[in-house]
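Chain by chain, the residues:
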Amino acid sequence: MGDDSEWMKLPTEEKCTHKVWKARVAGYEEAGKLFQRIDDEKSPEFNKYAGLMKKFVTDSNAVAQEKALDAVLHFLENAHVAARTTADVVAGVVSKCLNASKTKTKEKGMEIIMMYIEIEKPDVVQEQLLAGLENKQPKIVVGCIQALTIALRDFGSKTIQIKPCLKVLPKLLEDRDKNVREETKQFIIELYRWIGGALKPQMSHFKPVQVQELEAEFERLPNEKPVQTRFMKSQQDLKAKIEEQQAAAASGEASGGDGAAETEEIDPFDLIEAVDILAKLPKDFFDQIEAKKWQERKEALDALQKLTDSPKIENGDFGNVIRALLKVIAKDTNVMLVALAGKCLSGIAKGLRKKFQPYAHQCVSGIIEKFKEKKVAVVTSLREAIDASFAGTSLDQIMEDCVTALENKNPSIRAETAQFLARCFAKSTVGTLPKKLLKGYCSSLLKSINDTTPDVREASFQALGTAMRVVSEKNIAPFLNDVDTLKMQKIQECCQNAVLLNARGEPRQGGGGAAAAPAPKKNEPKPVTRPPAKPTARATDSNSGAKPAAKGGPPGKKKVGGDKGKGKKGGAAKEEPTESILADEVVEEKAAAALSADVISGLSNSNWKLRLAAMETFSQNVKGMSKEEIQTQVFVRTLTKKPGLKDTNFQVLKLKLELIGYLGQNSAFTKTTAEFCLSDIVDKVGDVKNGSIAQEALSCIAEATSLQFVSSEVIRCAFEQKNPKNQSESMVWLTQAVRDFGFKVNIKPMIENIKKALAATNPAVRGAAIGLLGTVHLYMGPQLRMFFEDEKAALLQQIDAEFEKNKDQKPPAPTRGIVAVEEEDEEENGGDGGGGAAEEVNVQDLMPRNDISEKITEELLAELADKNWKVRAEALQKVIAILNEAKFIKSSIGELASALKTRLSDANKILVNNTIGICLSLATAMGPHCKHHIKNIGPGLISCMADGKPQVRAATVNALNAWVDQCTLTPLVESEAIFDGLKTENPNLRTELLNWLVEKLPTHRVLPTELRMCVPVVLACLEDRNADVRKKAQESLVPFMIHTGYDSFFKATSKLKPASKDQIVKIIEAARANLPAKAPKGKKASAPAAAPPPSASSRFDEPEEPAKQAKAEPKSKAVKGKGAKAPASSGKKKEEEETGPPITLMVPKEQRFKDEKNMKVLKWNFLEVRGEYVEQLRTQMEKNFSKSTMDQLFHNDFKFHIKAIQVFIKCLDTHTEETVGNLDLILKWITLRFYDTNPSMLNKALEFLDKLFSMLADSDYHLADIEAISFIPYLVLKVGESKDNVRREVRKIFKLICKVYPASKMFSHLIDGLKSKNSKQRAECLDELGSLIESYGITICQPSPAHALKIIAQQISDRDTSVRNAALNTVLTAHTILGDGLYKYIGHLAEKDQSLLEERIKRSAKTRPPPKQEERPKTAPLTQKTMSQPNIPRANSAMQKSSSSNSVKREFALDIDTEPTNSYDMPQLIQHDLDDIYEPVKLPKIKARPPSPSMKLLNSNDAAATIGFVISQITSPDITTCIQALVQVDEVLKDEERAEIMAGHVDQLLLTLSMQFKMVYSTHMGDEDTPKDDVVRLYRCLLGTLLAILQTQRLAKKAGKDILKDVVNSLITILLDSRLMELEEGPQVVRSVNVTVVKIVEKTDHTSITGALIRLLQDCVSSETCTSKFLDLIMKCLWKMIRMLPDIINDLNVDRILMDCHLFLRAFPSSSWKDKGSDLPLRTIKTILHSLARLKGHKILYHTGMIESSENSEVEAYLQKVLKNDVAATNAKNDELNDNREKTPKSSTKTKRFSKTTHDMLAEIFKKIGAKENTKEGLNDLYDFKRKYPDADLEPFLKKSSQFFQNYIERGLRGIEEERMGSSGESGIIPVLMSSTSSSSSGPSVGSGEEKEDPNYFRERLKMLRVKCGLDHNKEAGDPDPSNTDGIDLLGSTEEIDEATSLDDDKQQENIDPEPPQPTNPAVSVDVSDLKMRLERIKKLANKS
């Protein structure tokens, strides 16, 4: 018992999770009772248990589990949060309940599943059940199938999705467990009950035996349709409807059948899985379908047809496929392929169905033209295709094509088109075949029924017959008037045989459209003969279309409602009697039955007396009948028969009109009947004797039908006649009718006709129109005048005079018609004059409004914001003209409201006055719809009250009254416009505004709580200096207190100064005494909006005491003591929670990050706040925040949000760790607050964020990506806020964020902010981007500088001035870093934008001081040198912080811009002696590159951000800072493992190196104050880092093409810098650059470098400033690439290279080189193409895919030419070789074999040549050797050496020959050498032909270069030394230097041979050990220096 007593004391929650099962049982029982007892479904008690529900259902104890299931059921019935637990609980039920041994447990589990479906979670439940089918336990699988079966049976197929279930059926039927198979069969049977035959196509995957068993079961099912028996909460209306149907079915079977018929059938197509045929299409489909061979085209079509056989096709872009098929159909000569293409097209159309719509019309047009084909197979295929295509189009779209085809010369096309139309008509309905289309088709088909070809005639008859079947003979008859009887019979015969089809192509039930079968033949001729009155077609159509009746049907049963309908509300709601038009024969027949023959004949007798007698008898007979016996249509049509109402005898006419009036009052007089007589009655309205009777007849008809109908017809008929008397009298009648019936007319056509009347020449007509306007004015008010402002002044004066007569009158109450009865009832209920008021309320709805949004163009808005006031004035006049023209407008006015708000503060007072007038017109024109814009216009108008001119203030008050009358004060209070206005310390503004509020507040309805913000300001106004302000403030106290209460004023006095408090309290006490006891009475119309009594206003003080409010609410909701104990316990818990901390760390944020990454929760990404996000955040925060804090966080009142933020601010100091641990939740909650509109709360939130990020920065916190992504985008939105202080605070927070989050990532978020439509946001984002670029350098741009700057530059074209300026400033910031290289990044700009940018750059260049004076004072370099050594390690150690902005600032303190500040901070450094400063500085020590402490950073978590920062320092203008950054990067690159970290930064690093190269070239080299030793040192470090990257293969390969282009451009520019040669170590730098360029060509990605060089070559050719030397070096780089092609061909992306060549040739085609001096660039490009073609062969043509329209490209043409000549070239080459062999002596044809002695001799000679000191001697020995052995082959010694080495030997031998023989001609030695060291070429040469060279030039140049480099001063001019490495430690072999030097050789001629060149290794006989030793010595010397 001890244990029991222990757990019994625990609260219910802990009992439910206790170890002891008995405790859990007790807990479950208590929880179940608690759930039943709670009345509020949103009670927080439910939230406590929501997370425990899964544990309830998965309890391990069977007894406890049963009790837990009961509790869960109660929870689901009562808790609003139950839906959130669906997935977990259903998964628990599936795993633990469905396999339970106890039946009760299983049943309760099933019930829980069904309950979850009831609470709107069927999708989640079904997902969990389908997942349960994968379980290994058969019992669970069986349970899941049973649950699905029960759910489908109870909830139906609309709730349970069928498609997901079908996928698992085949697998379940194959299950080895018998029970699973049986339950699956039952489930399939239930599926069949609901979807019927749609299931059978899905059974194709079942075994035949299973299909037979199931079909047998299907046949046993009853033939009744299933009915849903259980419903979700949202389906209660459906439940009531089905219950009604079932009740009706119980009383009578007929209605039950109707209810069952409402179930929608499921289309089997919807259940089929779509196939993506585009993905499966062969890759070469489009090539094959256009192939020349028909077999290849057929192969492509066969492949497509197999795919199109799929019954359902996935949607995609089928445009290219459709065009290809239509091309085959239209142009292919092979008919078999045409038929095949038609089948493919048909398959695609059927598979896509409605999604085929974009291509349908195109297909129909193309197929019709091909119907000329005579082959039956082709025509059949095309028919199928065009029929399938029609499903995606309409008869309207294809009408033009079909009508044109029916007139085609080819009879086959005419016949097939007519047949196609017949099939289309069969699928149409009355709605899809309206009269407009029917007329067009019939006119063409009537021509073709007379065609000479029988097939065309038959097809046309079939089409017309089908159309007749669809629309009925009555509707098509008017278009067939000219058809003779025989042809008409043929059409009717086709009509009888026509079979109409439904959407699926199945015959329709009933067979026809408008009529089930054609009418009997006796009714064939002219079924309806119109009377002479010609009733309007509109009314006839609407009545006949609503309920068509068979001809001759009895009209007596058409009475529906009659006069009894007057009790219904409103004339529109009345159920009007309707009837169909009777045939003339039927009318005569019925008239003869009701009237005697004498009467009928007497009515048409020529003797007036007989007509009078007959009329009197007729009248007596009708008046003697009851209402049911009167056949109104028959009698009226009898009266209107000739002579009808045109009777010349006034007595007869009088009786006829009186009888019509009687029928209108005493029979079922319909609009159909009225149409037969209205026109004739209007003709008699102006009759002198019978005019008044005619008017009364019209009023009677209006009572029977409606005034709106009769008035429209009367005015229309009157103005169609030319009788002014009728026109004036008609309007006189309408004037009186409006007063009698009320304002129930269609205002728009009436006003149009009144305008016609006002323009009439007859004064009586004009007078009647003005009288009618006066009556309408009573109902519409002053708004009516707006329609007539364009009239003449004299006429307007008459109209105004008429309006003045009715000025003080109210609309009279209706006395006639349905409305009169309603108004009488209202008057009995106490309404006086309510009728008129009711009419006035509906005037706005009657107004037709125009949409002027299209007229508010961007140009107009730009003019409104123009700097020139005249342009602004013209724009305002345009707006006035638009409003005057539109009269009444919709609320869609675009950005006009914002533009007008700006103009309200215009400096030009005339424009302000005009704008106020426009605002007044806007309010009048928009009416109640202006509420959408008052938040923009209202504050602007209030600000105009500050104007010094009284007339402006008066106009402002009028405009403001107009706006407030339409949409109340509420929006102005909510937007705090009134508060902001009162806060402005302007006496005029305060006086006018307070005076206006005194008038408006007392009679206004309850206002929002934001009005309380005005209380302190009103109290401040009581102390204002201005007496008028004090007076009006005192008057406004009572109106304000009516809404805010006295307490709010009294509490506000506590903040006043003691000196003024007592006086103010007395004033408000006096005002309190004047508060009304109850709501003040105003006008009756505004009574509902009156202010509440003061007692009611106490609600404004409730938020001050939330605890009391929270306690009071449950008490008020308690019912009979239920839950009486609950408040005590909850109060106790609340006390406990409030004593605890507001924030805890129960759940770590790492867990939340993990959940978000695993998609367990929603990602925090939304445009509008949705409920699921708020609920998710609430759930997450509940675990870590106290209850009182949660109540404040998620309260509806913003004041509680402010309190919550204050709690957070306190926690920054007291609970720092907890705040950081919940940072993600806090930031998410702040984002929700960003969507609130209260400015006080927003300001508080920004204040908190400021303090929060300051605290995070101080503690070196690093913001996680998930935290940043869920917060920063929403903060960026707030930077576009309209208030300056908000934007300022947000920008400040941005800078703080950069201290805890990488600035590069922040850059990306700001770039995304430029997509906003808010111009302020875009401008602020651009300013911040410029600030980031200025602070961190150009490398901060993400994802790349080119991409980012291009987006920023696009903003220059923005129409907003602030955005343009911000964009220009940001681009200008980048320009200061990049210089003119900026233009390469931003791409092409519009001419206007380009000029703006250039102007801004010029202006900034003028205003920016020269760098010498501001940026680099004379002492700065010395001070910098002194401070550089101690600062270096400190800077590096500072970088060890995560991403703190503090370290960033210290790093950038080395920058030039901040140097003056540093010098001011440490002035004592300036006092040092210059000699002392120079002494300790030894720059070479920096070159030694000691290990940098910054390498520790590579082990930190933020290595990437740190590396990015270090790389950004390379662009620093300060040389020392740049070198230090290079040292750090070099340390990383030395270690291969650590070098991998640089993999993602290669492009960034290369770009910064290139930028620094440019800076050194353009800035440092020209700066006299910069020591040139520093420049050389910087060059060396930059080149060393670049070579280190190239040495690492993985890094070198990652360089992009554009980056390589930039780098090569920079290096070659340096290579050609003549200033370098003047420096002592300049030549050595040039050689290093040479080596680097060669390394780039060799080591980087070959595709990228080749493309870069081709692009660079193109830029050089297009540039007028590019030097020939620069061009030559680019081409030599390309020649080297050509020589490498055979070895790298497999690594090349040939497609990209061909694309680059194509772009070059497109820019500079071969034809354009004729006028140029040299075509060497063109020949270089063609040599590349030639080499590729030789290496790839015919496969090269497969690599032209990237070239658009490659067949038109010069690249493909040249490749084909090369391939075509390839065989001939090979043969020519062989012939040439044979000829050469024949010319040489026999002894030379065979290579002479060297003896060992000879071989050793030759090896010794080459060794001498390779040695520096013996080079010339070796060449002389070689010359002598060649003389002695002229037939010796030197190829074995030369083939492995470089081309340069071979050229060097050749030139040396030539020089020796000239010295010895004394001539410059060639001897036999050199040619032999040439033939042995080079191969013949059959391809084009890019050299300069056979041009001779002067060797002396080369000797002198080489000698000069060697002397400048300090090498071999005593050497002769003719002693070149190819082994010279110049002491540079960047290369490892002489071969690389040889190749590099070749770039700098002016006159070297390189013949680029398309044949693969020889490998470029040094000769094997040369000993390079001496060279290596010399290199080592040079390295040591370089380090020491």
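Residues numbered from 1 in each chain as written. Predicted model: local features only at pLDDT ≥ 70, side-chain atom pairs only at ≥ 80, totals over all residues. Heavy atoms only, no water.

Draft legend 1. The overall build of the protein chain, seen in detail. The helix and strand tally for the protein chain stands at 108 helices and zero strands. Going through the 1985 residues of the protein chain one by one, you find that 50% of them count as buried. Taking contacts inside the protein chain between residues at least 6 apart in sequence as the whole, the part at least 24 apart equals 74%. Here the protein chain has roughly 96900 Å² of accessible surface; of this, 50% comes from carbon and sulfur atoms. (Helix = DSSP H or I, 4+ residues; strand = E, 2+ residues; numbered from the N terminus. Buried < 20%, exposed > 50% of the residue type's maximum accessible area, 1.4 Å probe, protein only. Contact = heavy atoms within 4.5 Å. Areas by Shrake-Rupley, 256 points an atom, 1.4 Å probe, with all protein chains shown as cover.)

Draft legend 2. Spotlight on helix H96 (residues 1694–1707). With 14 residues, H96 should reach 20 Å at 1.5 Å per residue; the first-to-last C-alpha distance of 20 Å fits that figure. Along H96, the positions that sit buried rather than exposed are Val1694, Asp1695, Ile1697, Leu1698, Met1699, Asp1700, Cys1701, His1702, Leu1703, Phe1704 and Leu1705. On its buried face, H96 sits against helix H91 (1601–1615), helix H94 (1646–1662), helix H97 (1720–1736) and helix H98 (1754–1764). (Expected span 1.5 Å × (residues − 1).)

Draft legend 3. Local environment of a nonpolar patch on the surface. On the surface, Val1169, Tyr1235 and Leu1277 cluster together into a nonpolar patch covering about 220 Å² of accessible area. By the element assignment, Leu1277 lies in helix H71 (residues 1272–1278). Residue Leu1277 is classed as partly exposed on the basis of its relative accessible area, which comes to 39%. (Patch = residues over 30% accessible without salt bridge, like charges linked within 9 Å, V, L, I, M, F, W, Y side chains within 5 Å. Salt bridge = Lys/Arg side-chain N within 4 Å of Asp/Glu carboxyl O.)

Draft legend 4. Spatial organisation of the environment of Lys1726. Looking at the secondary structure, you find Lys1726 in helix H97. For Lys1726, a relative accessible area of 21% corresponds to the partly exposed category. Counting along the chain gives 21 residues from Lys1726 to Leu1705, while the straight-line C-alpha distance between them is 9.5 Å. Among all residues touching Lys1726, those that are not within four sequence positions of it are Ser1710, Glu1754 and Tyr1758. At 3.2 Å, the side chain of Lys1726 forms a polar contact with the side chain of Ser1710. (Polar contact = N/O pair within 3.5 Å; in protein donor to acceptor, adjacent residues only side chain to side chain.)

Draft legend 5. Representation of the packing of aromatic side chains. Scanning the model with the defined rule gives 28 aromatic pairs in all. With centroids separated by 5.0 Å and ring planes inclined at 35 degrees, the aromatic side chains of Phe1166 and Tyr1274 adopt a geometry described as tilted. In this pair, Phe1166 is assigned in the loop between helix H63 (1149–1157) and helix H64 (1171–1182) and Tyr1274 in helix H71, connecting sequence segments 108 residues apart. Of the two residues, Phe1166 and Tyr1274, neither departs from the other in class, the shared state being buried. Ring pairing ties together the aromatic residues Trp1164, Phe1166, Tyr1173, Tyr1235 and Tyr1274, which thus form one cluster. Lying across the ring of Tyr662, Lys623 places its NZ or CZ 5.8 Å from the centre. (Phe/Tyr/Trp six-rings, centres within 6.5 Å; stacked < 30°, edge-to-face > 60°. Lys NZ or Arg CZ within 6 Å of the ring centre and 35° of its normal.)

Draft legend 6. Up close: unusual backbone geometry. In this structure, the amide linkage connecting Lys642 to the following residue, Pro643, adopts the cis form with an omega of 5 degrees. Along the chain, the position of Pro643 falls in the loop between helix H35 (632–639) and helix H36 (650–666). Going from Gln1342 to Pro1343, the amide bond is cis rather than trans, its omega being -5 degrees. Look at Thr968: it is not a glycine, yet its phi comes out positive at around 65 degrees.

Draft legend 7. Summary view of helix H49 (residues 869–886). Here H49 spans 26 Å end to end across 18 residues, near enough to the 26 Å set by a 1.5 Å rise per residue. Along H49, the residues classified as buried are Arg872, Ala873, Ala875, Leu876, Val879, Ile882, Leu883 and Ala886. Those residues of H49 that are buried lie in contact with helix H48 (858–864), helix H50 (896–903) and helix H51 (909–926). The N-terminus of H49 is capped by Asn868, whose side-chain oxygen sits 3.0 Å from the backbone nitrogen of Lys870.

Draft legend 8. Inspection of the packing of helix H27 (residues 435–448) against helix H28 (residues 454–471) at higher detail. Interaxial distance between H27 and H28 falls to 9 Å at its minimum, and their mutual angle equals 150 degrees. Taken together, the axes of H27 and H28 are roughly antiparallel relative to one another. Like other packed secondary-structure pairs, H27 and H28 cross with a definite hand, here left-handed. Residues Leu438, Cys442, Leu445, Leu446 and Ser448 of H27 touch H28, and the partners they reach there are Val456, Arg457, Ser460, Ala463, Leu464, Ala467 and Val471. By residue class, the composition of the contact of H27 with H28 is nine nonpolar, two polar and one charged. (Axes fitted to C-alpha atoms, helices over the stretch in contact; angles between N-to-C directions. Parallel < 35°, antiparallel > 145°, perpendicular 65-115°, else oblique. Left-handed = near helix turned anticlockwise from the far one by under 90°. Nonpolar A, V, L, I, M, F, W, Y, C, P; charged D, E, K, R; others polar.)

Draft legend 9. Representation of the nonpolar core. Formed by 194 residues in total, the largest nonpolar core has its most connected members in Leu1249 and Phe1253. For this core, the leading source of residues is helix H95 (residues 1668–1688), giving 13 residues. Ignoring sequence-local partners within four residues, the contact set of Phe1253 consists of Leu1227, Leu1263, Phe1271, Ile1293, Leu1296, Ile1297 and Val1300. Listed in part, the 82 residues of the second largest apolar core include Leu972, Val1029, Ile1064 and Ala1071. (Core = buried A, V, L, I, M, F, W, Y, C linked by side-chain atoms within 4.5 Å.)

Draft legend 10. View of the environment of Ser1404. Here Ser1404 shows up in helix H78 (residues 1391–1407). Since its relative accessible area comes to 12%, Ser1404 is described here as buried. Distance in space between the C-alpha atoms of Ser1404 and Leu1372 is 8.2 Å, their sequence separation being 32 residues.

Draft legend 11. Local environment of the pattern of salt bridges. For the coordinates displayed, the defined rule picks out 72 salt bridges. Measuring nitrogen to oxygen at the nearest pair gives 3.5 Å for the salt bridge that ties Lys67 to Glu29. On the criterion of sequence distance, the pair formed by Lys67 in helix H6 (residues 62–78) and Glu29 in helix H3 (residues 21–37) is long-range, its members being 38 residues apart. One salt bridge connects Glu458 with Lys490, and the closest N-O pair in it is separated by 3.5 Å. Pair noted here: Glu458 is in helix H28 and Lys490 is in helix H30 (residues 485–497), with a separation of 32 residues, a long-range link. A network of salt bridges, in which partner residues are shared, links Asp1284, Arg1287, Arg1291, Lys1295, Glu1324 and Glu1328.

Draft legend 12. Broad picture of a negative patch on the surface. A cluster of acidic residues, Asp284, Asp287, Glu296 and Glu299, forms a negative patch at the surface. Secondary-structure assignment places Glu299 in helix H20 (residues 294–308). In this structure Glu299 comes out as partly exposed when scored by relative accessible area, which is 47%. (Lys, Arg positive; Asp, Glu negative; His and termini not counted. Charge placed at Lys NZ, Arg CZ, Asp CG, Glu CD.)

Draft legend 13. Here's a closer look at the packing of helix H7 (residues 86–96) against helix H9 (residues 122–132). At a minimum axis distance of 9 Å, the contact between H7 and H9 shows a crossing angle of 35 degrees. Crossing hand, H7 versus H9: right-handed. Contact with H7, carried on its side by Thr86, Ala87, Val90, Ala91 and Val94, involves Val124, Val125, Gln128, Leu129 and Gly132 of H9 and no other residues of that element. Looking at side-chain class alone, the contact of H7 with H9 contains seven nonpolar, three polar and no charged residues.

Draft legend 14. Local environment of the confidence of the model for the protein chain. Chain-level pLDDT for the protein chain is 76 on average; 77% of the residues reach the 70-or-more range. Here helix H80 (residues 1419–1438) stands out as the element of the protein chain with the lowest mean pLDDT, 31, in contrast to helix H10 (residues 138–155), whose mean of 91 is the highest. Note that pLDDT drops below 50 for residues 512–574; the model gives that stretch 85 contacts with residues more than four away or on any other chain. In this model residues 1411–1501 is a low-confidence stretch, pLDDT under 50, and it forms 126 contacts with partners more than four residues away in sequence or in other chains. (pLDDT = per-residue confidence, 0-100.)

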